[in-house]
Amino acid sequence: MTNILVTGGAGYIGSHTCKLLKAAGYTPVTFDNMVYGHDWAVKWGPLERGDILDRAALDAVFDTYAPAAVIHFAAYTYVGESVENPGRYYRNNVAGTVNLMEAMRDHGCRSIIFSSTCATYGVPERMPMTEDLPQKPINPYGWTKLMIEQVLRDFETAHGISHMALRYFNAAGADPDGEIGEDHDPETHLIPLTVQAGLGLRGPIRIFGDDYPTPDGTAVRDYIHVTDLADAHIRALEVLMEGGASRMLNLGTGHGASVREVVDAVGRVLGQPVPAEMAPRRAGDPPMLVADATRARNELGWVPRHTDIDAIVETACRWHRAHQLG
Ligand SMILES: NC(=O)c1ccc[n+]([C@@H]2O[C@H](COP(=O)([O-])OP(=O)(O)OC[C@H]3O[C@@H](n4cnc5c(N)ncnc54)[C@H](O)[C@@H]3O)[C@@H](O)[C@H]2O)c1
Ligand SMILES: O=c1ccn([C@@H]2O[C@H](COP(=O)(O)OP(=O)(O)O[C@H]3O[C@H](CO)[C@H](O)[C@H](O)[C@H]3O)[C@@H](O)[C@H]2O)c(=O)[nH]1
């Protein structure tokens, strides 16, 4: 079977992608420093503990597995922390990726799928958001991802490594079979925090701001199911490995849900209202981020299947019930 190197494969989106890689006939080789990853999430291929900043560890994994391509999830992802400690983010995300790409160059690996983000756009000028909007990040986390997009272009020019930079909107939900799910520590994301509040695992969910210029005053995001994201990665991988051109693609549903709508959806799924309280805006949060993912649909033949917020939230609730109460 063809080996695919999955950096960050023990994390949330990486582990869901490993499951689909295996189902598609590949062997996902997870390379993760386990700072935020989980052993239990690595079920569909070998786990190699290592850091993308460690060139010798990368060389060893390329020598052992000769991967046909790399799917690169490994990164630090806390926006707030990136403002307070930017060095940790530029070193890990940017320098780590340069290290990884030099290892790819030296081992003849010519395809990479990269986790980019809607955070590279900053506060967008238009909605829904197409790929050609100006990219003006408003925090160091977003800057690291934008810099990496440039690194990808330069490595293609110099070394012929082709890429797909997938700009995810808000990853959400859990494996519909309940085998894996989202378990960040600390958790900052709205859906898991709301589910935990609804299950009595923490206090009321704090709604950050109700004075945004949106229909109900709370911020709007495009929640894309993690299995739909994983599916896009398999498609992007196959397009690249068949010689397709490098691309930067948005991945979202094209539908926005407000914070209040998410809290209400969790209440409906759990069968009781979630305790919630108002709180000030969180610094650096744009009012609205909704994808125009037409390009991904056309280029990858990708159609997100979980578009209803209740259906997305249901998979998350099921996972948290089983994983955190069970
Ligand atoms: N979750 C989202 O909504 C979202 C949105 C846009 C983009 N992204 C991007 O998608 C990717 C995956 O996000 P996630 O939510 O699954 O995060 P995650 O923290 O669950 O997974 C990241 C994994 O990378 C590993 N890692 C970090 N630094 C590493 C290093 N130096 N060497 C080896 N392993 C390392 C961590 O241990 C972790 O297992 C990230 O690159 C993130 O920036 C996520
Ligand atoms: O306790 C909470 C947590 C979040 N929110 C709100 O819920 C929305 C979604 O917040 P998340 O933290 O779940 O997600 P973000 O939109 O901030 O972040 C996501 O998208 C970013 C791009 O903007 C990055 O890519 C990041 O990695 C990814 O998690 C925001 O309006 C936020 O203010 C609350 O009201 N209360």
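Residues numbered from 1 in each chain as written. Chains lettered and ligands numbered in written order. Predicted model: local features only at pLDDT ≥ 70, side-chain atom pairs only at ≥ 80, totals over all residues. Heavy atoms only, no water.

A. Representation of the packing of helix H2 (residues 55-65) against helix H4 (residues 86-107). The contact between H2 and H4 brings their axes to 10 Å, and the two run at 40°. When the axes of H2 and H4 are compared, the pair comes out oblique. Remark: the crossing between H2 and H4 carries right-handed chirality. In this structure, H2 uses Arg 55, Leu 58, Asp 59, Phe 62 and Asp 63 to contact H4, whose residues at the interface are Asn 99, Leu 100, Glu 102, Ala 103, Met 104, Asp 106 and His 107. In the contact of H2 with H4, the residues fall into five nonpolar, two polar and five charged. (Axes fitted to C-alpha atoms, helices over the stretch in contact; angles between N-to-C directions. Helix = DSSP H or I, 4+ residues; strand = E, 2+ residues; numbered from the N terminus. Parallel < 35°, antiparallel > 145°, perpendicular 65-115°, else oblique. Left-handed = near helix turned anticlockwise from the far one by under 90°. Contact = heavy atoms within 4.5 Å. Nonpolar A, V, L, I, M, F, W, Y, C, P; charged D, E, K, R; others polar.)

B. The arrangement of the side chain of Ser 82 in detail. As for its placement among the helices and strands, Ser 82 is situated in helix H3 (residues 79-84). Relative accessible area serves as the criterion here: at 0%, Ser 82 is assigned to the buried category. Here Val 79 takes part through its backbone oxygen, which lies 2.7 Å from a polar atom of the side chain of Ser 82. Discounting chain neighbours no more than four positions away, the residues touching Ser 82 are Tyr 89, Asn 139, Pro 140 and Tyr 141. (Buried < 20%, exposed > 50% of the residue type's maximum accessible area, 1.4 Å probe, protein only. Polar contact = N/O pair within 3.5 Å; in protein donor to acceptor, adjacent residues only side chain to side chain.)

C. Local environment of the site of ligand 2. Thr 117, His 189, Arg 206, Arg 282 and Asp 285 are the nearest of the 20 residues found near ligand 2. Contacts to ligand 2 include His 189, whose side-chain N or O atom sits 2.5 Å from an oxygen atom. One nitrogen or oxygen atom from the side chain of Arg 221 is found 2.9 Å from an oxygen atom belonging to ligand 2. Protein contacts shield 90% of the accessible area of ligand 2, which totals 690 Å² for the unbound molecule. When residues of the shell around ligand 2 are traced back to their parent elements, those giving at least two are helix H6 (190-198) and strand S8 (205-208). Among the elements that take part in the shell around ligand 2, S8 stands out by supplying four residues, more than any other. In terms of residue class, the shell around ligand 2 is made up of twelve nonpolar, four polar and four charged. Structurally, the shell around ligand 2 is a two-domain feature, drawing no fewer than three residues from each of domain 1 (2-169 + 226-251) and domain 2 (172-222 + 254-322). (Near = heavy atom within 4 Å. Areas by Shrake-Rupley, 256 points an atom, 1.4 Å probe, with all protein chains shown as cover. Domains from an automatic or database assignment.)

D. Region of interest: the pattern of salt bridges. Applying the stated criterion to the full structure yields 19 salt bridges. As a salt-bridge pair, Asp 106 and Arg 55 come within 2.8 Å of each other at their nearest N and O atoms. Taken together, the residues span a long stretch of sequence, with Asp 106 in helix H4 and Arg 55 in helix H2 at a distance of 51 residues. In this structure Asp 106 comes out as partly exposed when scored by relative accessible area, which is 44%. One salt bridge in this structure joins Glu 314 and Arg 318, with 2.8 Å as the shortest N-O distance. A residue pair is termed a helical-turn pair when its members lie 3 or 4 positions apart in one helix, as Glu 314 and Arg 318 do in helix H10 (residues 309-325) at four residues. Residue Glu 314 is classed as partly exposed on the basis of its relative accessible area, which comes to 30%. (Salt bridge = Lys/Arg side-chain N within 4 Å of Asp/Glu carboxyl O.)

E. A look at the sheet that holds strand S9 (residues 220-221). Pairing is mixed in the open sheet, where three strands are placed in the order S12-S9-S14. Looking at strand neighbours, the two that pair on one side only are strand S12 (257-258) and strand S14 (288-289), the edges of this open sheet. Direction of pairing for S9 relative to S14: parallel, over a ladder of two bridges. Residue pairing for S14: Arg 221 is matched across the bridge by Leu 289. (Pairing = 2+ DSSP bridges.)

F. Layout of H10. For H10, spanning 17 residues, the distance from its first C-alpha to its last is 23 Å, which sits close to the expected 24 Å at 1.5 Å a residue. Those residues of H10 that fall on the buried side of the exposure criterion are Ile 309, Ile 312, Val 313, Thr 315, Ala 316, Cys 317, Trp 319 and His 320. For H10, the elements touching its buried residues are strand S7 (170-172), H6, strand S10 (223-225), S12 and helix H8 (259-270). (Expected span 1.5 Å × (residues − 1).)

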